[in-house]
Amino acid sequence: MRVPLSWLREYVDLPAGETGRDVQAKLVSAGLEVETVEQLGAGLKGPLVVGQVLTIEELEGFKKPIRFCTVDVGQANGTGEPQNIVCGARNFAVGDKVVVVLPGAELPGGFAISARKTYGKTSEGMICSASELGMSDDHDGIIVLPPEYEVGTDAIELLELVDEVLDIAVTPDRGYCLSMRGVARETATAYELPLRDPALIDVPAPGSHGYPVQVTDPIGCDRFTARTVTGLDPEAHSPIWLERRLQKAGMRPVSLAVDITNYVMLELGQPLHAYDRSRINGAIGVRRAQPGEKLTTLDGNQRVLDAEDLVITDESGPIGLAGVMGGANTEIADATADAGTGQAAGTTEVVIEAAHFAPVSVARTARRHKLSSEASRRFERGVDPEATSAAAQRTVDLLVLLAGGTAEVGVTEIIAPSAPHTIALPADHPDKVAGVSYGRETVVRRLQQIGCDVYGADDLTVTVPSWRPDLTDPNDLAEEVIRLEGYENLPSTLPRPPAGRGLTERQRLHRRVGRALAGAGYVEALNYPFIGEEALDQFGLAADDPRRDLVRLVNPLSDAEPALRTTLLPGLLGALRRNAGRGERDLALFETGLVFRATGHEPAAATLPVDRRPTDEEIAGLNAALPHQPRRVAVVLAGDREQAGWWGKGTPVSWADAVEAGRIVAREAGAELIVRQDQQDPWHPGRCAALLAVVDGEEILVGNAGELHPRVTKALGLAERTCAMEIELDRLEQAGTGGVEAPHVSTFPVATQDVALIVDASVAAADVETALREGAGELLESLRLFDVFTGEQLGAGRKSLAYALRFRAPDRTLTAEEIATSRDAAVSAAANRTGATLRGA
């Protein structure tokens, strides 16, 4: 909505020095989106005056028609002599009044005017077009003024060339601001000044002699006002002030009757339509269209109507799309259309329509026919139904004043009965919404400023004004109070959660694991939680593998991934492949997130109602329909763990790095991880480890780690020796001791003992480690497997495991006897449980 500041001042007495920028700041503070303030006539300097063409000489011998004119500008040039001006336009004749810019003036854009020789003549100024003065984009010809203006009159003031125009982006909930009346109301409220409401005019009572109207769809059209004006001068033109206001508002002047209806629409926000009375057959009707009916609209297009279209009709059929666009067969006739007959032509009698149509109906019709108009924009956002009579009267008054018409006495007004909308509002509701204490008086005052009637003390009954259909509930009223009091006055306050709340232990573990893996050099990669059968086939999963029990989506984003993931590895390996394809060879990625495991016992989810809050039982039913969603963490590795350089060879990643990632995760959960050999897809059968933890005295599988099977890396296009680890955090949390506590640092020295034990090749190192820990007792601080050896000297099917045992007491220095006793006890326990023998014994 473009709002000229000069027009706005007619309804609000703004301070004399107030600029468009000042008004913009006030309206923005009140919640309107004022995008720009356009400075019309910026850089324009006179003299710019009204002139009269005295003579015209046609210059020949040039590529285009050129005229040499003498123009009377009165005393504006200081001499009273006519100005000699060269002009290429041809839409004027001798005796016409035109706009002349004289030497020494400057037009918008820095175009200085001076006397210069052109086409063999000296041109002392210029005859101006509308585009040259910044009035419009019309390049068709120069401005021809009505004959009543005196020669030498200042054209800058006459044409209102200097002004400021506010360009407001009107949001859908503020349709009333698509009018000068609505913006003026907001301006008056922002400045706390009185408003001169242009809709407060005397309107005659409806009578029985008005133009006949029949409304058969009162839901689609609840108000219809019809007025008739006769005796119009078909050659009457819109005055300059009317044309200029339309141009500043972004509309093109057409003809007097049409310009007046557009002007009143901009002024009051009520769209109107003027019918040529001589072209209407019988009574005007409002009904739904019949399927297949056709209508040629004012844009010249024939449209096939839909049964839901609301149409204006006469006895011949549809004559307009209600609230969107009128029909071509009843449009106002141009006064020059039949000039060739030598008889006066044009519309002399009009019927004015001012109606209120259902917003949804208008919006659907406009979209169905791809026909957005100024009228439909207003109707679909909500128009004041009480303004129809005032808008019709304002149009009649202007037609009588400017076109010499006579208003017929009869007034047709059809109104469907309706009650005003009221809202119950606790007086302190805006306070609770904003967190600010406004008080009852402020709330009542602000609501009254927007046109509400307010009754009551602590519990208010608010009657919403007819021009605000967007106000439907207490929160809407609270928003009005808050915005008028100023959004900038709302304090910035942090929410205060009640004591005892915060992250759950599960959430803390999730964050600790992420930080630990990032600290170990892994980069987090977040992937979509979707998967397809193809990824599971590439993993080589068996048909009965639980990871193939997928939860399928009703509306998947991609047909290739129609289900929720049962493992994190497909997404991570896809990210690994994309990075490798872009030249990144050495990669270590991790992800933590949920997987979705269907149990097969989930009930069907019910459809919840939208007109109320779901009950606890309904919410519980939805939760029961959800699949099991354990939280997991996974890592993938490829390339070199340590890069090669002048310092030596690089170290490629191996299955041991994947296992170590599992140990990092386990440490954050405070759990001891047991590592055993395993066979599990998609890992290499000889380089796959089962990751186990003890829960309630029983070992449970929590994950797997190792090198991926060559078949899998080939199918996925990955580098050889790609490794991966996936572990279930929820199970690991059950095996852990909770948060990791900082260790007690002893000041006493540590004693290190190395032992090498020979066991059968089938014995797991983890079993030997468990036995050593249990046998060594409390003095054992840590142990580490640092060597595995096989060879002929040990015999077939035998291996040597070398461990470093660290002993320390928290309160004393250990003696040699204590160290030896603990060491021997550890070896003895390993021998009893695993059959281990001390190497070299």
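Only a predicted model underlies this, so the values are computations on that prediction, with no experimental measurement involved.

**So, the overall build of the chain**
In step 1: From N to C terminus, the chain includes 21 helices and 44 strands.
In step 2: Its C-alpha atoms give the chain a radius of gyration of 43 Å, clearly above 28 Å, the size a compact globule of 841 residues would have.
In step 3: Taking the principal axes of the C-alpha coordinates as reference, the chain spans close to 135 × 70 × 55 Å.
In step 4: By the burial criterion, 47% of the 841 residues in the chain qualify as buried.
In step 5: The contacts of the chain with a sequence gap of at least 6 include a subset with a gap of at least 24, amounting to 70%.
In step 6: Put simply, the chain shows about 41,800 Å² of open surface, and 50% of that area lies on carbon and sulfur atoms.
In step 7: If you average the places of the 83 positive and of the 121 negative side-chain charges in the chain, the two averages end up 6 Å apart.

**Concerning the pairing of strand β37 (residues 674-677)**
In step 1: Where β37 meets strand β38 (residues 683-695), four bridges bridge the pair, whose relative direction is antiparallel. Looking at β38, one finds that Arg676 is bridged to Ala690.
In step 2: What sits between β37 and β38 in their antiparallel hairpin is a turn of five residues.

**Some details on the sheet that holds strand β27 (residues 453-455)**
In step 1: One open sheet holds the three strands; their spatial order is β26-β28-β27, and the pairing between them is antiparallel. Strands with a single pairing partner mark the edges of an open sheet, and in this sheet they are β26 (422-426) and β27. The sheet shows a mean angle of 25° between the axes of neighbouring strands, taken without regard to direction.
In step 2: Relative to strand β28 (residues 459-463), β26 runs antiparallel, the two being bridged by five bridges. The residue bridging Ala424 from the neighbouring strand is Thr461, located in β28.
In step 3: Here helix α11 (residues 440-449) sits on the sheet and contacts β26, β27 and β28; the angle it forms with β28, its principal contact strand, is near 5°.

**Some words on the nonpolar core**
In step 1: By size, the foremost hydrophobic cluster in this structure holds 53 residues, and its most contacted members are Val3, Leu8, Val23, Leu27, Leu166 and Leu399.
In step 2: Residue contributions to this core peak at eight residues, all from helix α6 (residues 256-268).
In step 3: Ignoring sequence-local partners within four residues, the contact set of Leu399 consists of Val229, Leu232, Ala257, Ile260, Val350, Ile352, Gly404 and Gly405.
In step 4: Formed by 33 residues, the second largest nonpolar core is a distinct cluster that contains Leu517, Ile664, Cys723 and Ala735.

**Examining the sheet that holds β38**
In step 1: If you trace the seven strands from one edge of the open sheet to the other, you get β29-β33-β34-β40-β39-β38-β37, paired in mixed fashion. Pairing within the sheet leaves two strands with one partner each, and these edge strands are β29 (523-524) and β37.
In step 2: With respect to the sheet, helix α13 (residues 505-519) is in contact with β33 (587-594) and β34 (631-638), its orientation differing from that of β33 by roughly 175°.
In step 3: Of the strands in this sheet, β33, β34, β38, β39 (698-708) and β40 (723-728) are in contact with helix α15 (residues 569-581), which crosses β34 at around 30°.

**Let's talk about helix α2 (residues 20-29)**
In step 1: Buried within α2 we find Gly20, Val23, Gln24 and Leu27. Summarising the axial view, the buried residues of α2 lie within an arc of 105°, below the 170-degree limit, and thus occupy one face.
In step 2: Where α2 is buried, its residues meet α1 (5-8), β2 (33-40), β13 (163-169) and α4 (180-191).
In step 3: At the C-terminal side of α2, Gly31 shows a positive phi close to 105°.

**Digging into the confidence of the model for the chain**
In step 1: Averaged over every residue, the pLDDT of the chain is 90; residues scoring 70 or more account for 98%.
In step 2: Counting contacts from residues 337-344, a segment whose pLDDT is below 50, to residues more than four positions away or on other chains yields two contacts.

**Quick look at the pattern of salt bridges**
In step 1: Within this structure, the stated rule accounts for 65 salt bridges.
In step 2: Note that Arg547 and Asp545 form a salt bridge whose closest N and O atoms lie 3.0 Å from each other. Across the pair, exposure class does not vary: Arg547 and Asp545 are buried alike.
In step 3: With a shortest N-O distance of 3.1 Å, Arg812 and Asp811 are connected by a salt bridge.
In step 4: We classify Arg812 as partly exposed; its relative accessible area is 33%.
In step 5: Each member of the salt-bridge network shares a partner with another, and the members are Arg174, Glu186, Arg468, Asp470, Glu480 and Arg483.

**Quick look at the side chain of Arg632**
In step 1: By secondary structure assignment, the location of Arg632 is in strand β34.
In step 2: The exposure class assigned to Arg632 is buried, which follows from its relative accessible area of 14%.
In step 3: Once you skip the residues sitting within four places of it in the chain, Arg632 turns out to touch Leu568, Glu591, Thr592, Gly593, Val595, Arg597, Glu726, Ile727, Glu728 and Leu729.

**Observations concerning the packing of aromatic side chains**
In step 1: One pass over the full model with this rule turns up six aromatic pairs.
In step 2: Ring geometry for Phe62 against Tyr119: centres 4.8 Å apart, planes inclined by 90°, an arrangement best described as edge-to-face. Residue Phe62 is found in the loop between β3 (48-59) and β4 (66-72), and its partner Tyr119 is found in the loop between β9 (116-118) and β10 (121-123); the two are separated by 57 residues along the sequence.
In step 3: Their ring planes at 75° and their centres at 5.6 Å tell us that Trp646 and Trp647 sit as a pair that is edge-to-face.
In step 4: When its relative accessible area of 80% is taken as the criterion, Trp646 is described as exposed.
In step 5: What links up through ring pairs into an aromatic cluster is the set Trp7, Trp241 and Tyr263.
In step 6: Just above the ring of Tyr191 sits the side chain of Lys26; from NZ or CZ to the centre is 5.3 Å.

**Focus: the environment of Val595**
In step 1: Locating Val595 in the fold gives a position in the loop between β33 and α16 (616-624).
In step 2: It is 57 Å that separates the C-alpha atoms of Val595 and Asp22, two residues lying 573 residues apart in sequence.
In step 3: Those residues in contact with Val595 that lie beyond four places of it in its chain are Arg565, Thr566, Thr567, Leu568, His628, Gln629, Pro630 and Arg632.

**So, helix α12 (residues 474-485)**
In step 1: Its twelve residues give α12 an end-to-end C-alpha distance of 17 Å, which sits within 8% of 16 Å, the value for a rise of 1.5 Å per residue.
In step 2: Asp476, Leu477, Ala478, Glu480, Val481, Ile482, Arg483 and Leu484 are the residues of α12 that are buried.
In step 3: Tucked inside the fold, the buried residues of α12 contact α2, α4, β26, α10 (429-434), α11 and β28.
In step 4: Gly486 sits one or two positions beyond α12 and adopts a positive phi of about 105°.

**A closer look at the packing of helix α7 (residues 359-368) against helix α8 (residues 374-381)**
In step 1: Two elements in contact, α7 and α8, have axes separated by 7 Å at closest approach and are oriented at 140°. By the criterion of interaxial angle, the relationship of α7 to α8 is oblique. Considering how the two elements wind past one another, α7 and α8 form a crossing that is left-handed. Of the residues in α8, those in contact with Pro359, Val362, Ala363, Ala366 and Arg367 of α7 are Ser376, Phe379 and Glu380.

**Brief notes about the environment of Val411**
In step 1: Inspection of the secondary structure puts Val411 in the loop between β24 (406-407) and β25 (412-415).
In step 2: Residue classification places Val411 among the buried positions, given a relative accessible area of 3%.
In step 3: Between the C-alpha atoms of Val411 and Ala525, which are 114 residues apart in sequence, the distance is 73 Å.

**Some details on unusual backbone geometry**
What is expected of a backbone is that most residues other than glycine have negative phi and most peptide bonds are trans.
In step 1: Residues Asp681 and Pro682 are joined by a peptide bond in cis, for which omega reads 10°.
In step 2: One can find Pro682 in the loop between β37 and β38.
In step 3: The phi dihedral of Arg721 is positive, around 65°, even though this residue is not glycine.
In step 4: Its location among the elements puts Arg721 in the loop between α18 (710-716) and β40.

**Overview of the side chain of Thr566**
In step 1: Looking at the secondary structure, you find Thr566 in the loop between β32 (563-564) and α15.
In step 2: Judged by relative accessible area, which is 0%, Thr566 ranks as buried.
In step 3: For Thr566, the side chain forms a polar contact with the main-chain oxygen of Arg547, separated by 2.8 Å.
In step 4: Non-local contacts of Thr566, meaning those with residues more than four positions away in its chain, are made with Arg547, Asp549, Leu550, Val595, Phe596 and Arg597.

Calculation notes
Residues numbered from 1 in each chain as written. Predicted model: local features only at pLDDT ≥ 70, side-chain atom pairs only at ≥ 80, totals over all residues. Heavy atoms only, no water. Helix = DSSP H or I, 4+ residues; strand = E, 2+ residues; numbered from the N terminus. Rg over C-alpha atoms; globule rule 2.2 N^0.38 Å. Buried < 20%, exposed > 50% of the residue type's maximum accessible area, 1.4 Å probe, protein only. Contact = heavy atoms within 4.5 Å. Areas by Shrake-Rupley, 256 points an atom, 1.4 Å probe, with all protein chains shown as cover. Lys, Arg positive; Asp, Glu negative; His and termini not counted. Charge placed at Lys NZ, Arg CZ, Asp CG, Glu CD. Pairing = 2+ DSSP bridges. Axes fitted to C-alpha atoms, helices over the stretch in contact; angles between N-to-C directions. Core = buried A, V, L, I, M, F, W, Y, C linked by side-chain atoms within 4.5 Å. Arc of directions from axis to C-beta. pLDDT = per-residue confidence, 0-100. Salt bridge = Lys/Arg side-chain N within 4 Å of Asp/Glu carboxyl O. Phe/Tyr/Trp six-rings, centres within 6.5 Å; stacked < 30°, edge-to-face > 60°. Lys NZ or Arg CZ within 6 Å of the ring centre and 35° of its normal. Expected span 1.5 Å × (residues − 1). Parallel < 35°, antiparallel > 145°, perpendicular 65-115°, else oblique. Left-handed = near helix turned anticlockwise from the far one by under 90°. Polar contact = N/O pair within 3.5 Å; in protein donor to acceptor, adjacent residues only side chain to side chain.

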